[in-house]
Amino acid sequence: MPAKKKAKKKTAKKKVAKKKVAKKKTAKKKTAKKKVAKKKVAKKKVAKKKAKKKSKRKPNPAFMKPVTPSEALSAVVGSRPIPRTQVTKKLWEYIKKNKLQDKVNRRMINADAALKKVFGGKSKVNMFEMTKLVSRHLS
């Protein structure tokens, strides 16, 4: 009896192994067909993107419009009317020059006396909240 059981197990294992090999072959054939189809679609998208890149991107005139900073903000960025983009740039220059960025959490800005007026009396401000607070001082 034990010899018959061993023989049955071996044949059963061979059948399972053959099924796995057959499944792998069919799976490979299916994936190969899908890859070919995807490559054709990708080539079409590339051609469309090249056509769109020919036109140059124009800057939004609203960002380039000069704005006048308030008295509190003019202590940091200057009193001349400048575009919003330059206000942000000069503000970051001031922050980095005076090392006001928090050492541990770089998103936080530690306000000194001049920036405290701009930030509405807050001593620590998140960099994303900073833009909102600064926009109140522009007209």
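One can find the structure itself at the top, above this paragraph.
Report on the accompanying structure. (Residues numbered from 1 in each chain as written. Predicted model: local features only at pLDDT ≥ 70, side-chain atom pairs only at ≥ 80, totals over all residues. Heavy atoms only, no water.)

### Examining the packing of helix α4 (residues 84-97) against helix α6 (residues 127-135)
Thought 1: Look at α4 against α6: their axes get within 12 Å of each other, and the N-to-C directions meet at 125 degrees. Comparing the axis directions of α4 and α6 gives the class oblique. Judged by the twist between their axes, the crossing of α4 over α6 is right-handed. Residue-level contacts link Arg84, Val87, Leu91, Trp92 and Ile95 of α4 to Met127, Met130, Val134 and Ser135 of α6.
Thought 2: Residues of the contact of α4 with α6, tallied by class, amount to 7 nonpolar, 1 polar and 1 charged. (Axes fitted to C-alpha atoms, helices over the stretch in contact; angles between N-to-C directions. Helix = DSSP H or I, 4+ residues; strand = E, 2+ residues; numbered from the N terminus. Parallel < 35°, antiparallel > 145°, perpendicular 65-115°, else oblique. Left-handed = near helix turned anticlockwise from the far one by under 90°. Contact = heavy atoms within 4.5 Å. Nonpolar A, V, L, I, M, F, W, Y, C, P; charged D, E, K, R; others polar.)

### Considerations on α4
Thought 1: Taking 1.5 Å of rise per residue, the 14 residues of α4 would be expected to cover 20 Å, and the 20 Å separating its terminal C-alpha atoms lies within 8% of that figure.
Thought 2: Listed as buried for α4 are Val87, Leu91, Tyr94 and Ile95. Considered in projection along α4, the buried side chains sweep an arc of 100 degrees and stay on one side of the axis. Exposed positions of α4 whose direction lies more than 90 degrees from the buried face are Glu93, Lys96 and Lys97.
Thought 3: Against the buried residues of α4 lie β1 (66-67), α3 (71-77), β2 (82-83), β3 (108-110), α5 (113-118) and α6.
Thought 4: With its phi angle positive at about 55 degrees, lysine 99 sits one or two positions after the end of α4. (Expected span 1.5 Å × (residues − 1). Buried < 20%, exposed > 50% of the residue type's maximum accessible area, 1.4 Å probe, protein only. Arc of directions from axis to C-beta.)

### Remarks on the nonpolar core
One recurring pattern in soluble globular proteins is that nonpolar side chains are buried together.
Thought 1: Ranked by size, the top nonpolar core spans 22 residues in total, and within it Leu73, Val87, Leu91, Leu115, Phe119, Met130 and Val134 carry the most contacts.
Thought 2: Of all elements in the fold, only α3, α4, α5 and α6 reach the threshold of two or more residues within this core.
Thought 3: Not counting residues within four places of it along the chain, the set of residues in contact with leucine 91 comprises Leu73, Val76, Val77, Leu115, Met130 and Val134. (Core = buried A, V, L, I, M, F, W, Y, C linked by side-chain atoms within 4.5 Å.)

### Here we look at the side chain of aspartate 102
Thought 1: Structurally, aspartate 102 is set in the loop between α4 and β3.
Thought 2: Among the residues examined, aspartate 102 registers a relative accessible area of 15% and is labelled buried.
Thought 3: Of the polar contacts made by the side chain of aspartate 102, one reaches the backbone nitrogen of asparagine 105; its length is 3.1 Å. (Polar contact = N/O pair within 3.5 Å; in protein donor to acceptor, adjacent residues only side chain to side chain.)

### Focus: α6
Thought 1: Along α6, the positions that sit buried rather than exposed are Met130, Leu133 and Val134. End-on view of α6: buried residues confined to an arc of 95 degrees, all on one side of the axis.

### Considering the pattern of salt bridges
Thought 1: Following the criterion strictly, the structure yields 2 salt bridges and no others.
Thought 2: Between aspartate 102 and lysine 124 there is a salt bridge, with the nearest N and O atoms lying 3.9 Å from each other. You can see aspartate 102 sitting in the loop between α4 and β3 and its partner lysine 124 sitting in strand β4 (residues 124-126), a full 22 residues away along the chain.
Thought 3: Lysine 122 serves as the salt-bridge partner of glutamate 129, at 2.4 Å between the closest nitrogen and oxygen. (Salt bridge = Lys/Arg side-chain N within 4 Å of Asp/Glu carboxyl O.)

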